Amino acid sequence: MRLRTTLRISPAVWLTLPTLVLSILYVTRAIYPSNYGVAATAGATSSMAFLVGFVATTAAWEAARLRRGGIWDAPHARSRLGITIIAVTPSILLGGIFLLGTVVAASVYGQAGMPELRIVAVGFVAICAWSLVGFLAGLRLPMSVSLPSMFLAPFLWFAFVPALPVEWLRQLSGMYRDCCRIGADIAPAALLAGLIMNVTIIVVALHAIGALHMRWSRTASTAVLVTGVIVSSAFAWNVGPIPEVARDRSALKCGTVGATELCLWPEHDDPSQVFRPTLNKVIVELTREGLPIPSRWSEELA
């Protein structure tokens with residue numbers, strides 16, 4: 001089947017506009033540190049808990065259609081890998097549109113400037129992983145089971161797992177809603193944990209679908225799964241519940257207000273910001289009361 005035909009009949013195409021509107025409405029209800037792109041992008045990924053279900057469900061629907069029509073098991077010129085890629089492309093496009101929509105909306109709504117592309121990249125890999133999981137479910141399970149299970153499974157992964165007492169597990173999903181304060185940056189280990197886990201899911205799902213062939217296939221697939229889980233868990237374990245690290249201090253913009261050194265992050269180093277006049281008022285009041293004036297005030301984390 002041609003990609004053009006798949007795009008015409010796929011429910012993922014029908015759901016694109018309402019899903020995009022839903023995702024934008026969701027992120028506009030969130031609160032992020034003002035003018036900070038990393039925080040806005042990370043917060044926007046929280047919508048994945050609700051919207052990746054549409055990606056997995058539409059992929060499952062497409063796989064069930066191929067299975068019920070006898071197309072999947074019939075002789076065909078294309079490889080199963082080629083058929084799989086064409087079949088899940090509408091679902092991946094759906095996920096990519098809503099991910100970009102939420103990120104752009106969060107950045108504009110929060111006046112956050114340029115989104116953090118590292119977070120967007122890991123989120124997109126997670127969308128690809130769930131599209132293949134949904135496709136696999138559609139091939140192996142009855143439609144009455146695969147569709148509702150694929151609609152709920154992403155919610156459990158993105159929303160229920162972060163609520164578990166084992167807090168580092170949340171870093172495996174590729175959703176980083178707890179990041180970041182103005183003085184913090186996304187932790188590279190958290191990004192690696194999410195990336196490795198989702199790439200592992202992609203490889204194992206492709207093998208289970210039959211689109212990827214490996215020598216000693218079951219043993220190799222199991223080894224990939226175990227290795228991916230162990231490596232990604234090792235990175236996530238070192239991060240803890242909050243996927244952030246202190247920002248590079250060299251990015252601070254420092255100046256003086258009276259005798260006090262004031263250091264701000266670039267997002268707040270603007271004449272329109274209230275920090276300098278506010279600090280000047282504080283210095284005046286401290287002087288009036290005879291209290292010591294701090295020599296330095298900085299936004300960096302302690």
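What you see is a predicted model; the values in this text were computed from it and never measured. (Residues numbered from 1 in each chain as written. Predicted model: local features only at pLDDT ≥ 70, side-chain atom pairs only at ≥ 80, totals over all residues. Heavy atoms only, no water.)

Colleague: Before we move on, can you summarise unusual backbone geometry with the specific residues and values?
Modeller: Omega for the bond connecting Cys 179 with Cys 180 falls within 30 degrees of zero, at 5°, which places this linkage in the cis form. Relative to the assigned elements, Cys 180 resides in the loop between α7 (143-160) and β1 (184-186). (Helix = DSSP H or I, 4+ residues; strand = E, 2+ residues; numbered from the N terminus.)

Colleague: Just give me the short version of the sheet that holds strand β5 (residues 296-298), but keep the residues and values in it.
Modeller: Across the sheet, three strands lie side by side as β3-β4-β5; this open sheet has mixed pairing. Because the sheet does not close on itself, it has two edges, and the strands there are β3 (253-257) and β5. Between one strand and the next, the sheet's axes are offset by a mean angle of 20°, whatever the strand orientation. Bridge analysis of β3 against strand β4 (residues 260-264) gives five bridges, and the strand direction is antiparallel. Bridge pairing links Lys 253 to Leu 264 in β4. The strands touched by helix α10 (residues 275-289) are β3, β4 and β5; relative to β4, the strand with the most contacts, the crossing angle is about 150°. (Pairing = 2+ DSSP bridges. Axes fitted to C-alpha atoms, helices over the stretch in contact; angles between N-to-C directions. Contact = heavy atoms within 4.5 Å.)

Colleague: Break down the packing of helix α5 (residues 80-109) against helix α6 (residues 117-140) for me, with residues and values.
Modeller: Two numbers describe how α5 lies on α6: the axes approach to 9 Å, and their chain directions differ by 145°. Crossing geometry of α5 relative to α6 is assigned as right-handed. Taking contact as the criterion, the partners of Thr 84, Ala 87, Val 88, Ser 91, Ile 92, Gly 95, Gly 96, Phe 98, Leu 99, Leu 100 and Val 103 in α5 are, on α6, Val 120, Gly 123, Phe 124, Ile 127, Cys 128, Ser 131, Leu 132 and Phe 135. In terms of residue class, the contact of α5 with α6 is built from 13 nonpolar, six polar and no charged. (Left-handed = near helix turned anticlockwise from the far one by under 90°. Nonpolar A, V, L, I, M, F, W, Y, C, P; charged D, E, K, R; others polar.)

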